[in-house]
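Structural overview
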Amino acid sequence: MNYQPLQYIYQPATAAPTGTTVLLLHGTGGDERDLLPLARNFGPGVNVLSVRGNVSEGGMPRFFRRLGMGVFDEDDVRFRTHELAAFLKQVSEKEGFEADQVVAVGYSNGANIAGSLLLLYPELLAGALLWRPMQPLTREVPAVTTTRRAPVFFNPGSHDPMVQPAESDRYAALLEGAGFQLTRLDTPAGHNLTPTDVDAGTKWFQQHFDRPVADQAR
């Protein structure tokens, strides 16, 4: 496939490593620096890989094309998801982290490409934190099953004008039915990311992934 390289920033763990790599995926108009300030919330023991989407919409980086507000180009969603999965394998070998210990942390468009990774590569990620998610594939929904049962933090905004509550319910049910361990928090907010979201996502992450490798072996 004619995949394009993705621009990224990689920061290795600076303390007792947990073995986990956090994959930061920005929202529309962001870039690989956008979510870096949040990386400190996940602790010095994690590697951080922050990626810029390869699609430009009026000069705004995105991870896949859309046909209109809330209407995704699902062929491009699939292509860009395969592109990102191939990139993760390559960059893990280059930077020296475990490809099967990646936790995706995405906001808005970033959450949606992370969700597409869950649907198309259900055994790939060690977990995913989805802020303001929207189901990325609805025209042909993959038949998803995972035996890995990776934990997923699912965080819609109950007043988000871009996603109807029923749509969030269907998406959450799809992920749960596939076998992911879903933790859901509906924040009384719109599409914007709030301190409540960040705090709750941080606590979820610490509960599941914040353990040094030495402790995990005991």
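Here goes a summary of the coordinates provided. Since the model is a prediction, treat every value here as computed from it, not as a measurement.

To continue, consider the nonpolar core. Ranked by size, the top nonpolar core spans 40 residues in total, and within it Leu-25, Leu-49, Leu-130 and Leu-175 carry the most contacts. Of all the secondary structure elements, the ones that give two or more residues to this core are strand S2 (21-25), strand S3 (47-51), helix H2 (74-95), strand S8 (102-107), helix H3 (109-120), strand S9 (127-131), strand S10 (151-155) and helix H4 (165-178). Counting 20 residues, the second-largest nonpolar core is a separate cluster that includes Ala-126, Trp-131, Val-198 and Trp-204.

For the rest of this paragraph, the subject is the environment of Tyr-121. In this fold, Tyr-121 is placed in the loop between H3 and S9. Taking the C-alpha atoms as reference points, Tyr-121 and Thr-146, 25 residues apart in sequence, are found 9.0 Å from one another. Residues contacting Tyr-121, with those up to four places away along its chain left out, are Thr-81, His-82, Ala-85 and Ser-116.

The next subject is the pairing of S9. In terms of burial, S9 is a largely internal element, five of the five residues being buried. Pairing geometry for S8 and S9, over five bridges, is parallel. Within S9, the residue paired with Gly-106 across the bridge is Leu-130. Where the polypeptide runs from S8 across H3 and back to S9, its parallel neighbour, the crossover connection is right-handed. The pairing of S9 with S10 spans four bridges and is classified as parallel. Bridge pairing in S10 places Leu-129 opposite Phe-153.

Parameters at a glance
- Residues numbered from 1 in each chain as written.
- Predicted model: local features only at pLDDT ≥ 70, side-chain atom pairs only at ≥ 80, totals over all residues.
- Heavy atoms only, no water.
- Core = buried A, V, L, I, M, F, W, Y, C linked by side-chain atoms within 4.5 Å.
- Buried < 20%, exposed > 50% of the residue type's maximum accessible area, 1.4 Å probe, protein only.
- Helix = DSSP H or I, 4+ residues; strand = E, 2+ residues; numbered from the N terminus.
- Contact = heavy atoms within 4.5 Å.
- Pairing = 2+ DSSP bridges.
- Right-handed = clockwise from strand over helix to strand, strands pointing away.

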